[in-house]
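# Residue-level structure breakdown
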Amino acid sequence: STISCNDIEKLHVLGHGNGGTVYKVRHKRNSQIYALKVVHGDSDPLVRRQIYREIEILRRTDSPNIVKCHGVYEKPSGEIAITMEYMDLGTLDSLLQKYGTFNETRLSNVARQVLNGLGYLHAQKIIHRDIKPSNLLVNKAMEVKIADFGVSKIMHRTLDSCNSYVGTCAYMSPERFDPDTYGGTYNGFAADIWSLGLILLELYLGHFPFLPPGQRPDWATLMCAICFGDPPSLPEGASEEFRDFIQCCLQKESGKRWTAAQLLSHPFVCNAPRSDLVDL
Ligand code: ATP
Ligand code: MG
């Protein structure tokens, strides 16, 4: 059933995104906790377009690895809000800050769940286009869910262009900068897989793979590293399965990159023991 805005009370701010604010809220009658993403009436038309895009996609999706939407409303003031399931451990980004790097078992569990979500989206012809640690949410049940569909794209025809510059450039794949060289059999879905490969590497290493620890990314350095450098890879200590998995995700040519469905049957994902993401 959908939740109306009169039913909930704001508890506190969970975070600010580009254009919106996310609150932790409580249902007044049953005390259930939710996350509420709010975009103000006077906000930028681009921001408003993004929230409409997000609403459209959340309405179309139903997967254990995609954040669930429980209601949408628009006030006369123009304010638009989405009630979502509350993910009580926050983002993969904040887990890395708080608990440090992830071991292979945890990463394999993260990989399986994100691939399950991506496989679902891609089968529905949806490209997320902004897969990054702060858009992957975790809860105490150790579920990992994909959130934030503001810049996603629904492919209506196979020839749709999906290469406009959106999202965070750090996690952007080579073919999004240089489709002529790396786009081969170009399909935008492979860009989400590149981002996932980088994220897993980042969670293992503790720093963004293309840059030395502590260095802040600048656009030009990053673009050069992504397009002209070798793709980053795992150090010696990592298992053969994990190293191979990362290589399958980080193929520079998008056509050589494995799909979500293929990666779900990679030994790194399907042979790994299921485990808790964090020991609480
Ligand atoms: P960007 O605008 O670059 O994507 P962001 O991902 O941080 O930045 P939002 O997606 O708007 O922006 O979310 C802001 C923050 O709110 C997130 O980083 C996260 O900490 C928190 N958040 C969002 N959705 C939820 C949720 N369903 N449950 C718990 N926390 C959430
Ligand atoms: Mg976000």
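This is a predicted model, so every value here is computed, not measured.

Criteria and cut-off values
Residues numbered from 1 in each chain as written. Chains lettered and ligands numbered in written order. Predicted model: local features only at pLDDT ≥ 70, side-chain atom pairs only at ≥ 80, totals over all residues. Heavy atoms only, no water. Salt bridge = Lys/Arg side-chain N within 4 Å of Asp/Glu carboxyl O. Helix = DSSP H or I, 4+ residues; strand = E, 2+ residues; numbered from the N terminus. Buried < 20%, exposed > 50% of the residue type's maximum accessible area, 1.4 Å probe, protein only. Pairing = 2+ DSSP bridges. Axes fitted to C-alpha atoms, helices over the stretch in contact; angles between N-to-C directions. Contact = heavy atoms within 4.5 Å. Near = heavy atom within 4 Å. Polar contact = N/O pair within 3.5 Å; in protein donor to acceptor, adjacent residues only side chain to side chain. Areas by Shrake-Rupley, 256 points an atom, 1.4 Å probe, with all protein chains shown as cover. 1 Å grid on protein atoms, 1.4 Å probe; cavity = no way out; pocket = protein on both sides within 12 Å on 5 of 7 lines; lining within 4 Å. Sits in = over half its atoms within 2 Å of the grid points. Nonpolar A, V, L, I, M, F, W, Y, C, P; charged D, E, K, R; others polar. Donors = N, O, S within 2.8 Å, 3.2 Å for Na, K, Ca; no water. Phe/Tyr/Trp six-rings, centres within 6.5 Å; stacked < 30°, edge-to-face > 60°. Lys NZ or Arg CZ within 6 Å of the ring centre and 35° of its normal. Left-handed = near helix turned anticlockwise from the far one by under 90°.

### Details of the pattern of salt bridges
Within the structure shown, the criterion is met by 15 salt bridges. Across the salt bridge formed by aspartate 148 and lysine 37, the nearest N and O atoms sit 3.2 Å from each other. Linking aspartate 148 in the loop between strand E9 (144-146) and strand E10 (153-154) with lysine 37 in strand E3 (residues 33-39), this pair joins segments that are 111 residues apart in sequence. Across the pair arginine 60 and glutamate 56 runs a salt bridge whose closest N-O atoms are separated by 3.2 Å. With arginine 60 and glutamate 56 both in helix H1 (residues 45-60), this residue pair falls four residues apart, about one helical turn. The exposure class of glutamate 56 is partly exposed, given its relative accessible area of 32%.

### A short note on the sheet that holds strand E5 (residues 80-85)
Within the open sheet, the five strands sit side by side as E1-E2-E3-E5-E4. Their pairing is antiparallel. With partners counted over all chains shown, the strands left at the sheet margins are strand E1 (8-16) and strand E4 (69-74), one partner each. Neighbouring strand axes in the sheet, compared pairwise and without regard to direction, differ in orientation by 25 degrees on average. In this fold H1 packs onto E3, E4 and E5, with an angle of close to 40 degrees to the strand it touches most, E5.

### So, the site of ligand 1
Close to ligand 1 lie 18 residues, the nearest being Asn18, Glu85, Lys132, Asn135 and Asp148. The contact in question runs from a nitrogen atom of ligand 1 to an N or O atom on the backbone of glutamate 85, over 2.9 Å. Within the side chain of serine 134, one N or O atom sits 3.4 Å away from an oxygen atom of ligand 1. Within the complex, the protein chains bury 83% of what would otherwise be the 600 Å² of accessible surface of ligand 1. Judged by the proximity of its atoms to the pocket grid, ligand 1 belongs to the largest pocket. Those elements that place two or more of their residues in the shell around ligand 1 are E1, E3 and E5. Taken together, the residues that form the shell around ligand 1 break down as seven nonpolar, seven polar and four charged.

### Let's talk about the coordination of the magnesium ion (ligand 2)
For the magnesium ion (ligand 2), the full set of protein donor atoms is Asn135 (OD1) and Asp148 (OD), and the range of their distances to it is 1.8 to 2.0 Å. In this pair, asparagine 135 sits in the loop between strand E7 (126-127) and strand E8 (136-138) while aspartate 148 sits in the loop between E9 and E10, placing the two residues 13 residues apart along the sequence. Given the relative accessible area of 3%, asparagine 135 is considered buried. Its relative accessible area of 26% is what places aspartate 148 among the partly exposed residues.

### A short note on the packing of aromatic side chains
Considering all chains together, one arrives at seven aromatic pairs under this definition. The interplanar angle of 45 degrees and the centroid separation of 6.2 Å between the aromatic rings of phenylalanine 208 and phenylalanine 210 together place this pair among those described as tilted. Aromatic ring contacts, followed pair by pair, group Tyr171, Trp194, Phe208 and Phe210 into a single cluster. Sitting over the ring of tyrosine 23, lysine 10 keeps its end group 4.4 Å from the ring centre.

### Regarding the sheet that holds strand E6 (residues 90-91)
Taken in spatial order, the three strands make up an open sheet running E6-E8-E9, and their pairing is antiparallel. The outermost strands of the open sheet, each flanked by one partner alone, are E6 and E9. Summarising the sheet, E6 and E8 pair through two bridges and their orientation is antiparallel. Looking across to E8, one finds that glycine 90 is bridged to valine 138.

### Quick look at the pairing of E5
Burial within E5 is extensive, with six of its six residues counted as buried. Sheet analysis places E3 next to E5, joined by six bridges and oriented antiparallel. The partner of valine 38 across the bridge, within E5, is alanine 81. The sheet contact formed by E4 and E5 spans five bridges and is antiparallel.

### Regarding unusual backbone geometry
Here serine 31, not a glycine, exhibits a phi torsion of approximately 65 degrees, which is positive. Tracing the chain through its elements places serine 31 in the loop between strand E2 (20-27) and E3.

### Structural notes on the packing of helix H6 (residues 189-205) against helix H8 (residues 240-249)
H8 packs onto H6 with a crossing angle of 145 degrees between their chain directions and a minimal axis gap of 8 Å. Viewed along their axes, H6 and H8 form a crossing whose handedness is left-handed. Taking contact as the criterion, the partners of Ile193, Trp194, Gly197, Leu200, Leu201 and Tyr204 in H6 are, on H8, Phe242, Phe245, Ile246 and Cys249. Along the lines of polarity and charge, the residues of the contact of H6 with H8 split into nine nonpolar, one polar and no charged.

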